[in-house]
Amino acid sequence: MTTNPYAGSPFSYATEPAVAPYSIVELMPGVRNALEYLRLQAGERVLLMTEHTVDPVVVQALAAGAAFRDADVRILSVPPFSPGGWDREAPLDIETAAFREADVVIAATWWGEVHTAPLFFDQIKARSSRWLSLHMTATAGALLTGGRLPAEVFYVLLRLTLERLSPARAIRVTSERGTDVTYSGFTFDPDPGAMRPGDWRPFPYGGANFWPTDTEGVIVIEESTVTGVPEEPLRITLEGNLVRKIEGGVAADQLRRYAPGGYYMRHGLIGLNPKVRVAGGTQFEREKHAGAFYCGIDGLTGGMPVTSGPGFAHCDIQVDRPTMVVDGELFIERGRLLLLDHPEVREVAARFGPPEVILDDNPTMILPRRYTAGGAERGAVSGAGRSCP
């Protein structure tokens, strides 16, 4: 049996532990960063769309943070969403109507509402709402760890990543488990920072997202949204951006059944947030960890890739500790994002506290409150130059 030291394949918020009521105090730095990322303004109409199984303390923290900013807050508790069109006929009239009236949507969902046609990206872009998605991350653990990283640190990492990778000819991803896949022909999401009407963003902020035109090689799946952590090695072989072969026992059968018409490589994401959890984190949380990699294969529509709408068989694939080479130059080494040592990244981190603390990619060591965005001035004055708080 293959074992994954980072995850136990939880399947919904119902399997996530709840926290004590007083924990809300420790969640507020992450909530503050989320609302500043949203550019939430007083008087805006906020829809907090939360699945029935989300920890009430997390819901209270998000709602209280928005109310403290004098926003007009509405909480809508909804049934859990299904992944990738598994329940594509589900009625979403109430969710859709509420979304259309909101200035800001904070979605505390597990699979991500964008797996459904009524709330897919094209529908979000057609509206004036700004949409923040806590897909698998509406948890105390996510707000305590990745949510505490100052946005300025993430954005300098993102800018330097895009400068290096956008003009690249080839990105090769390998792993000790046997992944060896090469991507080319990229379109990167620029993620310009300040959210605008029609924007959709995940939180915690975490990565550089891209869409390839060609993918060649083999991916050994460490975890996927369809199979969880497979019991034996699960391999997919890609040629010409299409999945040509799926191998690996029971998990391979599950993956084939999910999209009988076949798959194509839809997108990939390079994790950039050093404070996002690895151990104990859900898949959509771990994907954002600095030095992690994940990609999404999607179902073919009539035998063809159709990127304008949901493929209704979206499957996300995780590689926790990859090595990434960009046009022959090392970019990630066995899960270590080399940009964390870049002088400009360390300079920005020093505004909030000791760079060796802000940028340490061991998220077991939670970022102290005074080094989060709200404590930037105090952290830079009292912490810069010290090796440890």
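Above: the structure in question.
Since this is a predicted model, take the numbers as computed values, not measurements.

Conventions we followed
Residues numbered from 1 in each chain as written. Predicted model: local features only at pLDDT ≥ 70, side-chain atom pairs only at ≥ 80, totals over all residues. Heavy atoms only, no water. Helix = DSSP H or I, 4+ residues; strand = E, 2+ residues; numbered from the N terminus. Rg over C-alpha atoms; globule rule 2.2 N^0.38 Å. Buried < 20%, exposed > 50% of the residue type's maximum accessible area, 1.4 Å probe, protein only. Contact = heavy atoms within 4.5 Å. Lys, Arg positive; Asp, Glu negative; His and termini not counted. Charge placed at Lys NZ, Arg CZ, Asp CG, Glu CD. Salt bridge = Lys/Arg side-chain N within 4 Å of Asp/Glu carboxyl O. Polar contact = N/O pair within 3.5 Å; in protein donor to acceptor, adjacent residues only side chain to side chain. Pairing = 2+ DSSP bridges. Arc of directions from axis to C-beta.

Along the backbone of the protein there are 11 helices and 17 strands. Over its C-alpha trace the protein gives a radius of gyration of 20 Å, about what one expects of a compact globule, namely 21 Å for 389 residues. Overall, the protein is about 55 × 50 × 40 Å in size when its C-alpha atoms are taken along their principal axes. Across the 389 residues that make up the protein, the buried fraction comes to 57%. Considering only intrachain contacts with a sequence separation of at least 6, the fraction spanning at least 24 residues in the protein is 74%. Taken as two groups, the 37 positive and 47 negative side-chain charges of the protein have centres that lie 3 Å from each other.

Counted under the stated rule, the structure contains 22 salt bridges. For Asp253, the salt bridge identified is with Arg256, shortest N-O distance 2.7 Å. Note that Asp253 and Arg256 are positioned in helix α7 (residues 249–258) at a spacing of 3 residues, about one turn of the helix. A relative accessible area of 37% means that Asp253 is categorised as partly exposed. Asp320 serves as the salt-bridge partner of Arg286, at 3.0 Å between the closest nitrogen and oxygen. Placement of the pair is Arg286 in helix α8 (residues 283–286) and Asp320 in the loop between β14 (315–319) and β15 (323–326), with a sequence separation of 34 residues. Summarising the burial analysis for this pair, Arg286 and Asp320 share the class buried.

With respect to the element layout, Lys275 can be found in the loop between β12 (263–271) and α8. The buried charged residue Lys275 lacks any salt bridge, with Asp360 as its nearest oppositely charged partner at 5.1 Å. Of note is the side chain of Lys275, whose polar atom sits 2.8 Å from the backbone oxygen of Val357. A distance of 2.9 Å separates a polar atom in the side chain of Lys275 from the backbone oxygen of Asp360. Non-local contacts of Lys275, meaning those with residues more than four positions away in its chain, are made with Thr145, Gly146, Leu149, Val357, Ile358, Asp360, Pro363, Met365 and Leu367.

Cis geometry marks the peptide bond from Phe203 to Pro204, where omega comes out at 0 degrees. Among the secondary structure elements, Pro204 is positioned in the loop between β7 (200–202) and β8 (207–220). You will see that Arg39, though not glycine, has its phi angle at about 60 degrees, which is positive. Of note, Arg39 is situated in the loop between α1 (24–38) and β1 (45–51).

Turning our attention to the pairing of strand β16 (residues 329–333). Direction of pairing for β15 relative to β16: antiparallel, over a ladder of 3 bridges. The partner of Val326 across the bridge, within β16, is Glu329. Counted along the chain from β15 to the antiparallel partner β16, the turn is 2 residues long, and its residue Asp327 has a positive phi close to 50 degrees. The pairing of β16 with strand β17 (residues 336–337) spans 2 bridges and is antiparallel. Each residue of the ladder has a partner; that of Glu333, found in β17, is Arg336. Joining the antiparallel neighbours β16 and β17 is a turn of 2 residues, in which Arg334 adopts a positive phi near 50 degrees.

With that settled, the discussion passes to α7. Residues of α7 that are buried: Ala251, Ala252, Leu255 and Tyr258. Buried residues in α7, looked at end-on, bunch into an arc of 125 degrees, giving them a common side. Facing away from the buried side of α7, by more than 90 degrees, are the exposed residues Val250 and Arg257. Looking at the buried positions of α7, the neighbouring elements they touch are β10 (235–239), β11 (242–247), β12 and β14.

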